[in-house]
Amino acid sequence: MDMTQNEQVAWADQLHTPIINHHAPVEINESTIQHLNLNKIQSTTDALENKERILILTPLKDASQYLPKYFDLVSKLTYPHHLIDLAFLVSDTTDDTLATLAMELDRLQKNPDKVPFRSATIIEKDFGFKLSQAVKDRHSFEAQGPRRKALGRARNYLLATALKPDHSWVYWRDVDIVESPAKIIEDFIAHDRDVLVPNVWFHRFKNGQDIEGRFDYNSWVESWRGRRLAKSLPDGVVLAEGYKKYKTGRTYMALMGDWRDNKDEEIELDGIGGVNIIVKADVHRSGINFPCYAFEHQAETEGFAKMAKAAGYGVYGLPNYVVWHIDTEEKGEWEHEEIPQEEVVKPVPAQDPGKPDGKSP
């Protein structure tokens, strides 16, 4: 029989909703259904005990000459290799990077004296970015905006393809590192930071002396000059550090620290370089990636740092913990201004990881 709307409501009130026991086990035997519980994936200082998995990511372009040294260093990492996945993105390359990478990975995984890594993935994706890899071209001011945007895109493709649900940490490692501690993963995890980078220098010998050159000026502390400059720029302009065209007055971590001092001293950063970054995987899962556009007038790794801080994550650097990069002998437009002493930020002792430090929960 037909009921009015009021009669339907009255009738429904007489019905009892069945009680569903959410705690009762339900077994579904269907191979196309997968259950992933991300609540169990943590990034902790007990990573070794908890067997937390690490993802090492390395973007590559015309990098064949650096790969043998890269794998020599990676093979010496002391974090258990069976808990580490390797992933590489090869893009717009004109040399034999792909063939060299395949051979080096085969050598690495078959080494009878080493435990093989859990997995290794090679990803190919071209973006049509054809900038010369020559230093004078790669580091000219005009190249910086397009170059950093292209690098951001490459990092994002690599991250989106390689990050799996069981990864706790993501370790971004450039191919042209020539010296780094074997315990770098354990050292960085011990700091319990959302995003952490070392200082990056290079060896160069003059008259028999190592000048210990400072390399990565993309790790910096923001200044009032930098904020004022950013506000004055048109949308879409990407700031690049160290060029005569724009002087930001930022404090560069590269000009701080000494590898002979306490390697655990920290400084909070506003921008970071991409040579060596360790990130809690949930930072990336939360949508913090490498902008391939101008985000607060920064792109790629510096944009990543800005984005992470805007989301409430902590971004830190270790001024006295040095990773050594190849010497690119950069010259020309590259010019770093003198920072007034009152604006220099001194390293501060690392906090107890159990104390609040502004990190998101």
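Going by the structure above, here's the rest.
Residues numbered from 1 in each chain as written. Predicted model: local features only at pLDDT ≥ 70, side-chain atom pairs only at ≥ 80, totals over all residues. Heavy atoms only, no water.

### Here's the deal with the overall build of the chain
Then step 1. Per the secondary structure count, the chain includes 10 helices and 14 strands.
Then step 2. Within the span of the chain, comprising 361 residues, buried residues form 47% of the whole.
Then step 3. Only carbon and sulfur atoms are counted for the fraction: they give 51% of the accessible area of the chain, which is about 19000 Å². (Helix = DSSP H or I, 4+ residues; strand = E, 2+ residues; numbered from the N terminus. Buried < 20%, exposed > 50% of the residue type's maximum accessible area, 1.4 Å probe, protein only. Areas by Shrake-Rupley, 256 points an atom, 1.4 Å probe, with all protein chains shown as cover.)

### Comments concerning the pairing of strand 4 (residues 167-173)
Successive side chains on a regular strand alternate, one facing one side of the sheet and the next facing the other.
Then step 1. Burial within strand 4 is extensive, with seven of its seven residues counted as buried.
Then step 2. Both strand 1 (residues 53-60) and strand 4 contribute to a ladder of five bridges, which runs parallel. Counted as the bridge partner of leucine 55 is valine 170 from strand 4.
Then step 3. Where strand 4 lies against strand 13 (residues 276-280), five bridges are found, and the strand directions are antiparallel. Bridged to tryptophan 172 within strand 13 is isoleucine 277. (Pairing = 2+ DSSP bridges.)

### Examining the side chain of aspartate 270
Then step 1. By the secondary structure assignment, aspartate 270 is in the loop between strand 12 (267-268) and strand 13.
Then step 2. Looking at aspartate 270, its side chain comes within polar contact range of the main-chain nitrogen of glutamate 222, at 2.8 Å.
Then step 3. Polar contacts involving the side chain of aspartate 270 include one to the side chain of lysine 309, which spans 2.9 Å.
Then step 4. Residues in contact with aspartate 270, not counting those within four places in the same chain, are Trp220, Val221, Glu222, Glu302, Ala305, Lys306 and Lys309. (Polar contact = N/O pair within 3.5 Å; in protein donor to acceptor, adjacent residues only side chain to side chain. Contact = heavy atoms within 4.5 Å.)

### Quick word on the packing of aromatic side chains
Each aromatic ring pair is characterised by the separation of its centres together with the angle its planes make.
Then step 1. Under the definition given, this model contains nine aromatic pairs.
Then step 2. Ring centres of tyrosine 70 and phenylalanine 71 lie 5.0 Å apart, and the angle between their planes is 85 degrees; this geometry places the pair in the edge-to-face category.
Then step 3. Here tyrosine 70 falls in the buried class, since its relative accessible area comes to 1%.
Then step 4. Owing to a relative accessible area of 1%, phenylalanine 71 belongs among the buried residues under this scheme. (Phe/Tyr/Trp six-rings, centres within 6.5 Å; stacked < 30°, edge-to-face > 60°.)

### Some points on the pattern of salt bridges
Then step 1. By the definition in use, this model includes 22 salt bridges.
Then step 2. Ionic pairing is found between arginine 118 and aspartate 85, a salt bridge with its closest N-O pair at 2.8 Å. Of the two residues, arginine 118 is situated in the loop between helix 4 (97-109) and strand 3 (119-124) and aspartate 85 in strand 2 (residues 84-90); the sequence distance between them amounts to 33 residues.
Then step 3. Judged by relative accessible area, aspartate 85 falls into the buried class, the value being 5%. (Salt bridge = Lys/Arg side-chain N within 4 Å of Asp/Glu carboxyl O.)

### Focus: the packing of helix 3 (residues 67-75) against helix 4
When two helices pack together, their arrangement is captured by the angle between the axes and the distance separating the axes.
Then step 1. As a packed pair, helix 3 and helix 4 sit with axes 10 Å apart at the nearest point and diverge in direction by 30 degrees. Considering the angle they form, helix 3 stands roughly parallel to helix 4. The element helix 3 and its partner helix 4 pack so that their crossing is right-handed. Contacts between helix 3 and helix 4 involve Leu67, Pro68, Phe71, Asp72 and Ser75 from the first element and Thr97, Thr100, Leu101, Glu104, Leu105, Arg107 and Leu108 from the second.
Then step 2. Looking at the contact of helix 3 with helix 4 residue by residue, the classes come out as six nonpolar, three polar and three charged. (Axes fitted to C-alpha atoms, helices over the stretch in contact; angles between N-to-C directions. Parallel < 35°, antiparallel > 145°, perpendicular 65-115°, else oblique. Left-handed = near helix turned anticlockwise from the far one by under 90°. Nonpolar A, V, L, I, M, F, W, Y, C, P; charged D, E, K, R; others polar.)

### Considering the nonpolar core
Nonpolar side chains in soluble globular proteins tend to be buried together.
Then step 1. Ile54, Ile56, Leu86 and Ile185 are the most contacted members of the largest nonpolar core, which has 39 residues in total.
Then step 2. Where this core is concerned, the elements lending two or more residues are strand 1, helix 3, strand 2, helix 4, strand 4, helix 7 (184-189), strand 6 (195-202) and strand 14 (315-325).
Then step 3. Once residues within four sequence positions are removed from consideration, isoleucine 185 is found in contact with Ile54, Ile56, Leu77, Tyr79, Ile84, Tyr171 and Ile278.
Then step 4. In terms of nonpolar packing, the next biggest core, distinct from the first, is built from 33 residues, Leu55, Ala281, Ile288 and Met307 among them. (Core = buried A, V, L, I, M, F, W, Y, C linked by side-chain atoms within 4.5 Å.)

### A few points about unusual backbone geometry
Then step 1. Although it is not a glycine, asparagine 207 sits at a positive phi angle of roughly 55 degrees.
Then step 2. Locating asparagine 207 in the fold gives a position in the loop between strand 7 (205-206) and strand 8 (209-210).
Then step 3. The class of asparagine 207 is exposed, set by a relative accessible area of 83%.
Then step 4. Here the phi dihedral of glutamate 212 falls at roughly 50 degrees; this positive angle occurs in a residue that is not glycine.
Then step 5. Relative to the assigned elements, glutamate 212 resides in the loop between strand 8 and strand 9 (213-214).

### Observations regarding the environment of phenylalanine 88
Then step 1. Mapped onto the elements, phenylalanine 88 comes out in strand 2.
Then step 2. Phenylalanine 88 gets classed as buried once you look at its relative accessible area, which sits at 0%.
Then step 3. Residues phenylalanine 88 and alanine 120, 32 residues apart in the sequence, show an inter-C-alpha distance of 8.1 Å.

### Observations regarding the pairing of strand 2
Then step 1. Burial analysis of strand 2 places seven of its seven residues in the buried class, which makes it a mostly covered element.
Then step 2. Every second residue of strand 2 is oriented toward a common face, with Ile84, Leu86, Phe88 and Val90 on one face and Asp85, Ala87 and Leu89 on the other, all of them buried.
Then step 3. Of the crossover connections in this fold, the one passing from strand 1 over helix 3 to the parallel strand 2 is right-handed.
Then step 4. Taking the sense of rotation as the criterion, the β-α-β connection linking strand 2, helix 4 and strand 3 turns out right-handed. (Right-handed = clockwise from strand over helix to strand, strands pointing away.)

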